[in-house]
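Secondary and tertiary structure notes
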Amino acid sequence: GKNNGTANVTTGNLIMVVDDTPDNIKTVGELLRGQGYRIIAVTSGEAVFEALQRYTPDLILLDIMMPDVSGIDVCRRLKAIPSVAHIPIIFLSALYFKEYILSGFQAGGVDYVTKPFDALELTARVQTHLEIVESRAIILRQNEELKRLHQVKDDFIGIASHDLRTPLTGIQGMAEIMWKENKPPDKVRYFSKMIFDAAVQLNGLLQNLLDVHRIETIGLEPQRAAFDIIQTAHTIIDQHQERAEAKSISLQIQSERESLIITDDESMVRQILDNLVSNAIKYSPKEKTVIVRICYQKATTKPLKHKSVRIEVHDEGPGISEDDRKKMFGKFIRLSAKPTDGESSTGLGLSITKSFVEALGGRIWCESELGKGTQFIVELPTLNAISADGKQS
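First, a word on scope: everything that follows refers to the structure included in this document. (Residues numbered from 1 in each chain as written. Predicted model: local features only at pLDDT ≥ 70, side-chain atom pairs only at ≥ 80, totals over all residues. Heavy atoms only, no water.)

**Regarding the side chain of Asn-203**
Heads up, the condition is: Under the DSSP-based scheme used, a helix requires at least four consecutive residues in state H or I and a strand at least two consecutive residues in state E, with every element numbered from the N terminus. Relative accessibility thresholds used throughout: buried, under 20% of the residue-type maximum; exposed, over 50%; partly exposed, between the two (1.4 Å probe, protein chains only). We call two residues in contact when some of their heavy atoms are within 4.5 Å.
Within the secondary structure, Asn-203 is located in helix 6 (residues 186–217). With relative accessibility at 13%, the residue Asn-203 sits in the buried group. Setting aside residues up to four positions removed in sequence, Asn-203 forms contacts with Leu-168, Thr-169 and Gln-172.

**Quick look at the sheet that holds strand 13 (residues 374–381)**
Applicable threshold: The pairing criterion for strands is at least two bridges between them, as found by DSSP. For helices, the fitted axis covers only the stretch in contact; all axes are lines through C-alpha atoms, and the angles between them, taken along N-to-C directions, range from 0 to 180 degrees.
Overall, mixed pairing links the five strands, which are arranged 8-10-11-13-12 in an open sheet. With one partner strand each, in any of the chains shown, strand 8 (250–255) and strand 12 (363–368) form the two edges of the open sheet. Averaged over all pairs of adjacent strands, the angle between their axes in this sheet comes to 15 degrees, without regard to strand direction. As paired strands, strand 12 and strand 13 are joined by six bridges and run antiparallel to one another. Within the sheet, the bridge partner assigned to Glu-367 lies in strand 13 and is Gln-375. Helix 7 (residues 229–246) rests against strand 8, strand 10 (289–297) and strand 11 (308–315) of the sheet, and its axis sits at about 170 degrees to strand 8. Each of strand 12 and strand 13 is contacted by helix 10 (residues 349–359), which is oriented at about 135 degrees to strand 12, the strand it contacts most.

**A closer look at the pattern of salt bridges**
What counts is decided by this rule: Each salt bridge in this description consists of a side-chain nitrogen of Lys or Arg and a carboxyl oxygen of Asp or Glu lying within 4 Å of one another.
Tallied over the full model, the rule gives 20 salt bridges. Between Glu-121 and Arg-125 there is a salt bridge whose closest N-O contact spans 3.1 Å. Placement of both Glu-121 and Arg-125 in helix 5 (residues 119–180) is noted, with a separation of four residues, approximately one turn of the helix. When its relative accessible area of 27% is taken as the criterion, Arg-125 is described as partly exposed.

**Focus: the packing of aromatic side chains**
As a reminder, the rule being used: For Phe, Tyr and Trp, rings pair up if their centres lie within 6.5 Å, where Trp contributes its six-membered ring, and each pair is then called stacked (planes under 30 degrees apart), edge-to-face (over 60) or tilted (otherwise). Any Lys NZ or Arg CZ that is within 6 Å of a ring centre and within 35 degrees of that ring's normal is treated as a charge sitting over the ring.
The final tally for this structure, using the stated rule, is three aromatic pairs. Ring centres 6.2 Å apart and planes at 70 degrees place the aromatic pair Phe-105 and Tyr-112 in the edge-to-face group. Taking 6.4 Å as the distance between ring centres and 85 degrees as the angle between the ring planes, the aromatic pair formed by Phe-329 and Phe-376 counts as edge-to-face. Here the residue Phe-329 occupies a position in the loop between helix 9 (322–327) and helix 10, and Phe-376 occupies one in strand 13, the gap between them amounting to 47 residues. In this structure Phe-376 comes out as buried when scored by relative accessible area, which is 7%. Across the ring face of Trp-365, the terminal group of Arg-363 is positioned such that the distance to the ring centre comes to 4.1 Å.

**Comments concerning unusual backbone geometry**
Peptide bonds are, in most cases, trans, and in most cases residues other than glycine have a negative phi. Residues Lys-115 and Pro-116 are joined by a peptide bond in cis, for which omega reads -5 degrees. Looking at where Pro-116 falls in the secondary structure, it is placed in the loop between strand 6 (111–115) and helix 5. Here Ser-248, not a glycine, exhibits a phi torsion of approximately 55 degrees, which is positive. Along the chain, Ser-248 turns up in the loop between helix 7 and strand 8. Accessibility expressed as a relative area gives 43% for Ser-248, which makes it partly exposed.

Written as structure tokens, this is what we have:
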């Protein structure tokens, strides 16, 4: 008949033993109690569900063959109940019912033990699955903590984007006015230029952090439209001219065409060029040359299947070691090569650049030899390109 289950409370994990043979329950119960486990004894399949209204075991030992309902059916029903579906079920099976074990696994069981019971085998399997349950619980708790910490980080970045950018932009703008006004006193000019440079540096760091935050949280969705990539490159070169002149670095653009209209996300392409040109200047010694080369390729190397625009940024800096090339696109990476004029580096620029390139379906890599400069190469797929004379390629 039905058994509502009785709990023998000692210490340790709570295990439900389900078997229609009292001698089996007695054998298993004594064995597990001797290991410090608490036992709920249930002698029918239907009584399992009644017992679960009062107890939540950490593991269930379930006989496969019972007169009222099979253990496999009980297991299937348990796995359909969200509040108890997580409880691991180990089947108890006589050797001649072993062919049912596959059905038991398909129903959601995690293991089985054959009768007559081997004490070491039974306790080892019970301990193993209880440890797995505990490990999963630890992982879930850690995941929840990581989610909380991630939210704290997101909140901080949100504050930075709104509450820091506005005053920083004001500081930068006012310092620039003071620095560039007609004949300011030497000290005013000197200190206002220092304030301006520091504000630019902070704004750059803040922008990098915001870019990383955007990439990690909402991803990058390219907004494609037609634009002239050659003209965009000239704009970037113009923006960096003052920094380059301070180091007597010559900036050059090389292209077979005066104009090349492509359809892509101009903002992303602009940022790719900006980061690569900025790095080339930063790591170049004085009185060197940085070359930006842009060409249109009708056939390209894998994995790009379409025609592509190829962007190359060459410098005459110290080069990048093989070890650095392996890790250079990671976040917050500090390479052995250092900026040549005390410039700052967040270690985020190349990681962000790679994210933009990949969002556009392209690829980026570096070719370098120590002492002989570096070139970064970007290939962006494009279905068509139009030159200055209006001819489509």
